[in-house]
Amino acid sequence: MTENSNLAIIILAAGKGSRMKSGLPKVMHKIAGRPMLGWLIETCESLNPTKFIVVTAPGMDEVVDAVSPHLVVFQKEQNGTGDAVKPALEHLKDFKGRVLILMGDEPFVNLTVIQDMIKYDGIAAMAVTLDDPAGLGRLMLDGDGYLKSIIEEKDCTAEQLKIKQGNAANYCIPADKLSNWVEQITNDNAQNEYYLTDLPQIAAKDGIKTKVFNVDIEGSWGINNREQLAAHEKLAQQKLRQKAMQQGVTMMDPESVTLSWDTEFGQDIIIEPNVYLGPWTSIEDNVVIHAFSYIEGAIIEEGAEIGPYARIRPKSVIGQGASVGNFIEVNRSHLKAGAKAKHVSYLGDATIGEKTNIGAGTIIANYDGFFKHETHIGKNVFVGSNSTIISPVDIDDGAIIAAGSNINKNITENAMAIGRSKQENHPGWATQYRNIKSEQKKREED
Ligand code: UD1
Ligand code: MG
């Protein structure tokens, strides 16, 4: 896709986000496993701007990392949205096109409306009409429907608060005028902040009118607090589930399934209720995920069966037709095609070969308190129930491990390992034991 030489984008993301009550910069709070800023950056990248600048604050290193490789500039003190654009302007000195200014706390901005705003010649401002526009600046229109001014909620009169059309705070502005207008913004208002919302009024003095571009509710309410974050999460989940179902995923109770922004699905997948799929997860064709399973950072290959109550942790692969049953935790491990672990196990830092069977209660002890170690189990191996495999160990193809074994030595191909203490049977000892104990109890009761 060719670069749009007429377009520059500035995202404002330096705000403290104090209403979030958080140590994390607001724009780094996640929606469907991805920082809200990431959603917005993806939309911006699809517009291919010739300049792309994100404004953040010193010390917000997480934001700098998330923005890479795009340009980051710093607003030293958070004196308002009008002040925040200033550090970006010095990078736009020779730029003659249109500058799209977006709020970093509005991740689901409406791309179609943005595209219309970019095509418009004058100033374009995005607006949204809500039953309750609480928190939004209110729009004052002139007789021709152009935007005269935006009044921030805290500066509104009781009458102005009744206006339902709110400022969605995304603007497209001709570059040649922007610096001059921004310099004219003052902090003479209820919050003593420099409001970017003063621009329409300032531009009007130069005879430039601001056109309003309305969006529907979905893409246009920002995130200032945790409730709004949760509302965005809900919206994202609805869309992700809808897309998954359209692609051939059956969800028995869609509302109870949580997906991530990058979850990949094949076809004919069945997902039972209460399943969580975290980031970096790929689910291939014909997989069944039973209820209450938690999967993140894993590849579940064709025809595999997961759960109920399975936990698959990052860097794991569950191979074709493999089966991971209830109360199994798989961590950084690869179960190859047809391998089975059906009941109550921990499998960490291991490879488990084709058609190998892991018995109930098997624990791979991969951590010695200081280092993690690997275990490699070949194909067609049978691990008897309640075995502890103390890593590092290599268990070759076809080996059998007797139930209840502690294994800390390598096992060669087709060998049988029995790593448990020998059982002794003593006829009559149970009766003697009962007699001794019941006499002792009787003496103590007397
Ligand atoms: C802003 C608008 C309001 C609009 C609302 C829509 C202003 C003055 N108000 O209010 O009219 O209805 O968005 O969501 O613009 N930021 C900085 N530096 C700062 C302050 C903010 O970079 O000094 C960034 C924030 O990180 C955020 C964005 O600007 O991404 C908006 O700031 P926020 O404080 O959320 O403004 P709102 O109160 O939501
Ligand atoms: Mg906001």
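Calculation notes
Residues numbered from 1 in each chain as written. Chains lettered and ligands numbered in written order. Predicted model: local features only at pLDDT ≥ 70, side-chain atom pairs only at ≥ 80, totals over all residues. Heavy atoms only, no water. Near = heavy atom within 4 Å. Polar contact = N/O pair within 3.5 Å; in protein donor to acceptor, adjacent residues only side chain to side chain. Areas by Shrake-Rupley, 256 points an atom, 1.4 Å probe, with all protein chains shown as cover. 1 Å grid on protein atoms, 1.4 Å probe; cavity = no way out; pocket = protein on both sides within 12 Å on 5 of 7 lines; lining within 4 Å. Sits in = over half its atoms within 2 Å of the grid points. Helix = DSSP H or I, 4+ residues; strand = E, 2+ residues; numbered from the N terminus. Nonpolar A, V, L, I, M, F, W, Y, C, P; charged D, E, K, R; others polar. Donors = N, O, S within 2.8 Å, 3.2 Å for Na, K, Ca; no water. Buried < 20%, exposed > 50% of the residue type's maximum accessible area, 1.4 Å probe, protein only. Expected span 1.5 Å × (residues − 1). Contact = heavy atoms within 4.5 Å. Phe/Tyr/Trp six-rings, centres within 6.5 Å; stacked < 30°, edge-to-face > 60°. Lys NZ or Arg CZ within 6 Å of the ring centre and 35° of its normal. Core = buried A, V, L, I, M, F, W, Y, C linked by side-chain atoms within 4.5 Å. Domains from an automatic or database assignment. Arc of directions from axis to C-beta. Buried area = accessible area lost by both parts, 1.4 Å probe. Pairing = 2+ DSSP bridges.

### Some details on the site of ligand 1
In step 1: As a matter of local geometry, ligand 1 sits amid 24 residues, with Gln75, Gly80, Thr81, Glu152 and Asn167 nearest to it.
In step 2: Arg19 is positioned with one of its side-chain polar atoms (N or O) 3.1 Å from an oxygen atom of ligand 1.
In step 3: Contacts to ligand 1 include Glu106, whose side-chain N or O atom sits 3.0 Å from an oxygen atom.
In step 4: Within the complex, 91% of the 750 Å² of free accessible area of ligand 1 lies under protein.
In step 5: According to the grid-proximity analysis, the pocket containing ligand 1 is the largest pocket.
In step 6: Contributions of two or more residues to the shell around ligand 1 are made by helix 3 (81-84) and strand 10 (165-174).
In step 7: In terms of residue class, the shell around ligand 1 is made up of 8 nonpolar, 11 polar and 5 charged.

### Remarks on the coordination of the magnesium ion (ligand 2)
In step 1: Bound to the magnesium ion (ligand 2) are the protein donor atoms Asp105 (OD) and Asn224 (OD1), situated 2.0 to 2.3 Å from the metal. Within this pair, whereas Asp105 is found in the loop between strand 6 (98-103) and helix 5 (111-119), its partner Asn224 is found in the loop between strand 11 (210-215) and helix 9 (226-246), the two being separated by 119 residues in sequence. Comparing Asp105 with Asn224, the two get one shared label, buried.

### Considerations on helix 9
In step 1: For helix 9, with 21 residues, the first-to-last C-alpha span of 30 Å sits near the 30 Å given by 1.5 Å per residue.
In step 2: By the burial criterion, the buried members of helix 9 are Leu229, His232, Leu235, Ala236, Gln237, Leu240, Arg241 and Ala244.
In step 3: Those residues of helix 9 that are buried lie in contact with strand 2 (30-31), helix 1 (36-46), strand 12 (249-251) and strand 13 (264-265).
In step 4: By the N-cap criterion, in which a side-chain oxygen at the helix start approaches the backbone nitrogen of a residue two or three places on, helix 9 is capped by Asn225, the distance to Glu227 being 3.1 Å.

### Looking at the packing of aromatic side chains
In step 1: Scanning the model with the defined rule gives 5 aromatic pairs in all.
In step 2: Judged by centre distance (5.2 Å) and plane angle (90°), the ring pair of Trp39 and Phe108 falls under edge-to-face. Here Trp39 is found in helix 1, whereas its partner Phe108 is found in the loop between strand 6 and helix 5, with 69 residues between them in sequence.
In step 3: Among the residues examined, Trp39 registers a relative accessible area of 15% and is labelled buried.
In step 4: Ring geometry for Tyr309 and Phe327: centres 5.1 Å apart, planes at 15°, overall stacked. Of this pair, Tyr309 sits in the loop between strand 20 (305-306) and strand 21 (311-312) while Phe327 sits in strand 23 (residues 323-331); the two residues are 18 residues apart in sequence, bridging distant segments of the chain.
In step 5: Every member of this aromatic cluster is reached through a ring pair, and the members are Phe292, Tyr309 and Phe327.
In step 6: For Arg34, the ring lying beneath its charged end belongs to Trp261, and the centroid distance is 3.9 Å.

### Considering the nonpolar core
In step 1: Ile11, Ile101, Ile271, Ile300 and Ile318 are the most contacted members of the largest nonpolar core, which totals 125 residues.
In step 2: Composition of this core by domain shows at least three residues from each of domain 1 (4-214) and domain 2 (226-417).

### Quick look at unusual backbone geometry
In step 1: Looking along the chain, the bond that leaves Ser68 and enters Pro69 is cis, with omega of 10°.
In step 2: Its place among the elements puts Pro69 in the loop between helix 2 (61-67) and strand 5 (71-74).
In step 3: Following Ser391, the chain continues into Pro392 via a peptide bond in cis, with omega recorded as 5°.
In step 4: By the secondary structure assignment, Pro392 is in the loop between strand 31 (388-390) and strand 32 (393-395).
In step 5: The phi angle at Phe327 is positive, at roughly 55°, despite the residue not being glycine.

### Points about helix 7 (residues 175-183)
Because an α-helix packs 3.6 residues into every turn, residues spaced three or four apart end up facing the same way.
In step 1: Of the positions making up helix 7, those classed as buried are Ala175, Leu178, Trp181 and Val182. Axial view of helix 7: buried residues confined to an arc of 110°, hence all on one face. Seen from the open side of helix 7, the exposed residues pointing more than 90 degrees away from its buried face are Asp176 and Glu183.
In step 2: Buried-residue contacts for helix 7 involve helix 3, helix 4 (86-89), strand 6, strand 7 (123-129), strand 10 and helix 8 (199-205).

### A closer look at the domain arrangement of the protein chain
Interfaces are frequently sized by the accessible area removed from exposure as the parts join.
In step 1: According to the domain assignment, the protein chain consists of domain 1 (4-214) and domain 2 (226-417).
In step 2: For domain 1 and domain 2, the distance between their C-alpha centroids amounts to 44 Å.
In step 3: In this complex, domain 1 contributes 13 residues to the contact, which on the side of domain 2 involves 12 residues.
In step 4: Counting the surface lost from both domain 1 and domain 2, the interface buries some 1000 Å², and carbon and sulfur atoms represent 66% of this.

### Thoughts on the pairing of strand 6
In step 1: Counted residue by residue, strand 6 has 6 buried out of 6 residues, so it is predominantly covered.
In step 2: Residues of strand 6 alternate between two faces, with Arg98, Leu100 and Leu102 on one and Val99, Ile101 and Met103 on the opposite face, all of them buried.
In step 3: In terms of strand pairing, strand 6 meets strand 10 through 4 bridges, oriented antiparallel. Note that in strand 10 the partner of Val99 across the bridge is Ile173.

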